[in-house]
Amino acid sequence: MKIGIYGGSFDPIHTGHLVLADQLINEAGLDKVIFVPDYVSPNKSHDMKASANDRLELIKLAIKDHPKFEVSDYNIKQEKVCYMDENMEDFHKLYPDDDLYVITGQDSFMRIKLWHNYEQLLQSNNFLIGKRPGSNTKELFGLFKELFSMFRGLSMEFYDIPAIDVSSVTIQNKLRVGKSVKYLLPDSCIDYINQNNLYDSLIPKLKAYLKEHVKESRYKHTEGVVKTARELAIRYGADLKKVEIAAWFHDACKEEAGNFEHGPLAAEKIQTLFNVHDQEIISAISSHTLGHVGMGLIDKILYVSDCLEPSRDYPGIKELRDAMYIDLDLALYKVMVRTRKYVLSLGEKFAHETDLAIEDLKEKLKNYD
C-alpha cells in the first residue's frame with residue numbers, strides 16, 4: 001500500500017488540509033492518508049489554541065465520511081514534542097511492508113531546512129508536496145535543485161492543488177470576532193467548536209445574548225467596561241480571555257434583577273447557558289457589585305472597570321482612573337470608599353460584605369507601606 005503521513009498542528013483542520021490530502025489520494029495514487037496531529041508543535045512560535053484532544057476530535061469529524069482518510073493519536077499519546085523524522089522512523093516500523101510518503105504543503109516545504117534532522121528525514125523518506133496555483137515555482141525549483149545537489153537519491157514530487165485561501169490562523173481570527181467560517185471547514189467541526197467554545201468563539205455569543213437582553217445604554221456601558229478591563233488585564237498580567245468573558249457578561253442580567261442580585265444571577269446563567277465554569281470568571285461576575293474579602297486579580301479588574309469605564313462621569317473620577325494604572329489595590333480601595341460615602345449620603349444601608357472588603361484592602365495597603 002501507498003500511505004501518506006500528514007502531520008501538523010491542525011488547529012483547527014480546515015478545507016485546505018482536506019483538499020490537499022484528497023488530491024494526493026487521486027494524483028499520487030495513495031491508498032490512504034493518515035492525519036497525525038501534534039501534541040505540542042515542534043515550531044516553538046506556534047502556540048496551540050485548542051487542546052490536543054479537541055484537535056483530534058475535530059479531525060475525526062472532518063474525515064469521518066472519507067473512506068481513505070484515517071487519524072492517528074500516536075503523537076498525542078506521547079504527550080511531548082514529536083518530530084517528523086522520529087515519527088517516520090516509527091511509522092516505518094508500524095507499516096514495514098508499505099510505501100510511506102510525507103505529505104506537506106509548499107509553504108511548509110520551503111522551510112524544510114528548519115525541520116528537525118531534515119537531512120536524515122529527506123534521505124530516508126518520499127515527499128509529496130502540494131503546490132498552490134500562482135505560487136512561486138522558481139523558488140520551489142531552486143530549492144529542489146539545491147537539495148538534489150546536496151543529497152543523492154531524494155524522492156520529492158510536487159502536485160498542483162486547487163487554490164483555497166484559508167489557514168488555521170485565519171479561522172481562529174474569524175471565530176474570535178464572530179465572523180462566519182462556513183465552507184472553510186466542515187459544518188460538523190464548526191458545530192463542535194461552537195459547542196465547546198474553542199478559539200474564543202464564546203465572546204461573540206455573549207455579545208449576541210447581551211444585545212438581546214439589555215438596553216442599548218447598558219450595552220454601551222459594557223463595551224466601556226470591556227475596553228477598560230482589557231487595558232488593566234494587560235497592565236497587571238491577568239488572563240485576557242477570562243477578563244473579557246467576565247466583562248462582557250457581568251451586567252447581562254441587570255434588566256431582570258436588582259443592583260445586588262444581577263451579578264450572582266449572571267454568574268449562574270453563564271454556567272447554565274454557555275457552559276463556563278471557570279471559578280475566576282464566575283467569582284468576578286458574581287462579586288462585581290459588592291466585592292469580597294480576598295478578591296482575586298480578575299475580581300479587582302472587573303470591579304474597578306465597572307466603576308471607571310469611559311462613560312462614567314462624577315467628581316474625582318479622573319484621579320481614580322489615573323490611580324488604577326498605578327496601583328490596582330489602591331484604586332479599588334478608593335472606589336469602594338467613595339461608593340460607601342455616596343450610599344450613606346442617600347441614607348441607605350451599605351453592604352456589610354463591601355465593608356469587610358474595604359477593611360481587608362486597607363490592611364493590605366498598610367502592609368505595602
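Residues numbered from 1 in each chain as written. Predicted model: local features only at pLDDT ≥ 70, side-chain atom pairs only at ≥ 80, totals over all residues. Heavy atoms only, no water.

Tell me about the layout of surface pockets, and please be specific about residues and values.
Within this model, the largest pocket holds a volume of roughly 1,500 Å³. Surrounding the largest pocket, 44 residues form its lining, His17, Thr104, Asp107, Ser108 and Arg111 being those nearest its centre. Looking at side-chain class alone, the lining of the largest pocket contains 20 nonpolar, 18 polar and six charged residues. One number sums up the size of the second largest pocket: a volume of about 760 Å³. Around the second largest pocket, the lining comprises 26 residues; the ones closest to its centre are Asn259, Thr289, Thr339, Tyr342 and Val343. Looking at the lining of the second largest pocket, the elements with two or more residues in it are helix H11 (216–236), helix H15 (297–308) and helix H17 (328–345). With five residues, the top contributor of residues to the lining of the second largest pocket is H17. Each residue belonging to the lining of the second largest pocket can be placed in one class, and the counts come to eleven nonpolar, seven polar and eight charged. (1 Å grid on protein atoms, 1.4 Å probe; cavity = no way out; pocket = protein on both sides within 12 Å on 5 of 7 lines; lining within 4 Å. Points joined across faces, edges and corners; volume = space filled by probe spheres on them. Nonpolar A, V, L, I, M, F, W, Y, C, P; charged D, E, K, R; others polar. Helix = DSSP H or I, 4+ residues; strand = E, 2+ residues; numbered from the N terminus.)

How would you summarise the side chain of Asn87 if you had to cite specific residues and measurements?
Looking at where Asn87 falls in the secondary structure, it is placed in helix H4 (residues 84–94). Among all residues touching Asn87, those that are not within four sequence positions of it are Val36, Tyr74, Asn75 and Cys82. (Contact = heavy atoms within 4.5 Å.)

Help me get a handle on the packing of H15 against helix H16 (residues 317–324), residues and values and all.
Where H15 meets H16, the closest approach of the two axes is 11 Å, and the angle between their N-to-C directions is 150 degrees. As the angle between them shows, H15 and H16 are arranged roughly antiparallel. In this structure, the crossing between H15 and H16 has a hand that is left-handed. Residues Val304, Cys307 and Leu308 of H15 lie in contact with H16, whose contacting residues are Ile317, Leu320, Arg321 and Met324. Taken together, the residues of the contact of H15 with H16 sort by class into six nonpolar, no polar and one charged. (Axes fitted to C-alpha atoms, helices over the stretch in contact; angles between N-to-C directions. Parallel < 35°, antiparallel > 145°, perpendicular 65-115°, else oblique. Left-handed = near helix turned anticlockwise from the far one by under 90°.)

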